[in-house]
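A closer look at the structure
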Amino acid sequence: MASAIALCAIAASSRRALISAFSVPSKIMATRTTRPSPSSSFSFPQISSRSSSRLFSTTEEVDPGVVEGTDLRVLKYPHPSLRAPNDEISEEELTGPGSDIARIAKEMFLVMYATNGVGLAAPQVGINKRLMVYNEHGDAQKWMSEVIMVNPRIVEYSEATDVEQEGCLSFPDMGGDVERSKWIKVEAQNLKGKKIKKKFRGWEARIFQHEYDHLDGKVYIDRLTEDGRKEIQPKLDELIDKFGDGGAL
């Protein structure tokens, strides 16, 4: 896993669905065959056909309302922050007097765990900065698996892809098939501004790509097929009506 500093859950025998602001109702299923990669620090089952093994959730995603220790909340589509540009975090913001990036990351974890999530990007809590946090286990007790990425960028994608069900806490009670690269190479900074390089595979690569999309103003529904989008459009319309004027579609 990437940074040892600090940044939802997969059972050892059955991978539970990806929540994030990564989330999907726990009833979504998929079939996989396990083929661990010997060079990867995290082994991820490859999909053979999609029919019936748990995908994407620690339990079911929840809206916790007020989260103790923070005023941050997960924003729901079509909140404008989900589509707004996200600024890079400067060295001064990271290391200068009164820097609060570390505090923000800590509070993002509080929100992520409270929602049964595996990852969260700053724009999802109304902070339009290039900052993401995740923990592939979605378990606060496994804090050594927490990852914080500052100003991340993907520098290489594998040509090989797979398709998994994804969802997002900003899009409650819906999900759909998303195609992503099986592995990626990443460059980023940690909370001290130190540059880091990582290669992620499988589950962790998918989590990273999902959160990274948020930093580019993209959301998982942008990657759905036409049929997949039609399937969830009624729920999207409900969110749009509930939000009212000023939403960013």
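Residues numbered from 1 in each chain as written. Predicted model: local features only at pLDDT ≥ 70, side-chain atom pairs only at ≥ 80, totals over all residues. Heavy atoms only, no water.

1. Focus: the overall build of the chain
- Along the chain, the regular secondary structure elements total four helices and nine strands.
- In the chain, the succession of helices and strands from N to C terminus is β-β-α-α-β-β-β-β-β-β-β-α-α.
- Looking at the chain residue by residue over its 249 residues, the buried ones come to 53%.
- Surface summary for the chain: the accessible area is close to 11,400 Å², and the carbon and sulfur share equals 49%. (Helix = DSSP H or I, 4+ residues; strand = E, 2+ residues; numbered from the N terminus. Buried < 20%, exposed > 50% of the residue type's maximum accessible area, 1.4 Å probe, protein only. Areas by Shrake-Rupley, 256 points an atom, 1.4 Å probe, with all protein chains shown as cover.)

2. A closer look at the layout of surface pockets
- A volume near 450 Å³ is recorded for the largest pocket.
- As for the largest pocket, its lining consists of 23 residues, of which Asp63, Lys76, Leu169, Pro172 and Leu239 are closest to the centre.
- Of all elements in the fold, only strand 7 (171-181) and helix 4 (226-243) reach the threshold of two or more residues within the lining of the largest pocket. (1 Å grid on protein atoms, 1.4 Å probe; cavity = no way out; pocket = protein on both sides within 12 Å on 5 of 7 lines; lining within 4 Å. Points joined across faces, edges and corners; volume = space filled by probe spheres on them.)

3. Some thoughts on the sheet that holds strand 5 (residues 146-157)
- The five strands are arranged 3-4-5-8-9 in an open sheet whose pairing can be described as antiparallel. The open sheet terminates on both sides in strands that have one partner only, identified here as strand 3 (119-121) and strand 9 (195-201). If you compare each strand with its neighbour and ignore which way they point, the axes differ by 40° on average.
- Against the sheet, helix 3 (residues 202-215) engages strand 3, strand 4 (131-135), strand 5, strand 8 (183-189) and strand 9, with an angle of about 90° to strand 5. (Pairing = 2+ DSSP bridges. Axes fitted to C-alpha atoms, helices over the stretch in contact; angles between N-to-C directions. Contact = heavy atoms within 4.5 Å.)

4. Quick look at the nonpolar core
- Counting residues in hydrophobic clusters, the biggest one holds 22 residues, and the most contacted among them are Ile101, Met108, Leu120, Leu131, Val133, Ile148 and Val150.
- With eight residues, helix 2 (residues 101-114) is the single largest residue contributor to this core. (Core = buried A, V, L, I, M, F, W, Y, C linked by side-chain atoms within 4.5 Å.)

5. Some points on helix 2
- The first and last C-alpha atoms of helix 2 sit 20 Å apart over 14 residues, in line with the 20 Å expected at 1.5 Å per residue.
- By the burial criterion, the buried members of helix 2 are Ile101, Ile104, Ala105, Glu107, Met108, Phe109, Val111, Met112 and Tyr113.
- A positive phi of about 65° marks Asn116, the residue just after helix 2. (Expected span 1.5 Å × (residues − 1).)

6. Overview of the pairing of strand 4
- Most of strand 4 sits out of view: five of its five residues are buried.
- Two strands pair when backbone bridges link them, and strand 4 and strand 5 are joined in this way by five bridges, in the antiparallel orientation. Bridge pairing in strand 5 links Leu131 to Val150.

7. Regarding unusual backbone geometry
- Each neighbour pair has its own omega, and for Tyr77 with Pro78 the value is 10°, a cis peptide bond.
- One can find Pro78 in the loop between strand 2 (46-54) and helix 1 (91-95).
- Positive phi is not limited to glycine here, since Asn116 has a value of about 65°.
- One can find Asn116 in the loop between helix 2 and strand 3.
- If you check the backbone angles, Asp173 has positive phi at about 60° while not being a glycine.
- With respect to the element layout, Asp173 can be found in strand 7.

8. What to know about helix 3
- Taking 1.5 Å per residue, 14 residues should reach 20 Å; helix 3 reaches 20 Å between its end C-alpha atoms and fits that length.
- Where helix 3 ends, the next residue or the one after it, Gly217, has phi of about 75°, a positive value.

9. A look at the pairing of strand 8
- Alignment of strand 5 against strand 8, held across five bridges, turns out to be antiparallel. Note on strand 8: the bridge partner recorded for Tyr157 is Ile184.
- When strand 8 meets strand 9, the two strands line up antiparallel, connected through seven bridges. By the bridge assignment, Gln189 is partnered in strand 9 with Lys195.
- Turn length for the strand 8-strand 9 hairpin, with the two strands adjacent in sequence and antiparallel, is five residues, and the turn residue Gly193 shows positive phi of about 90°.

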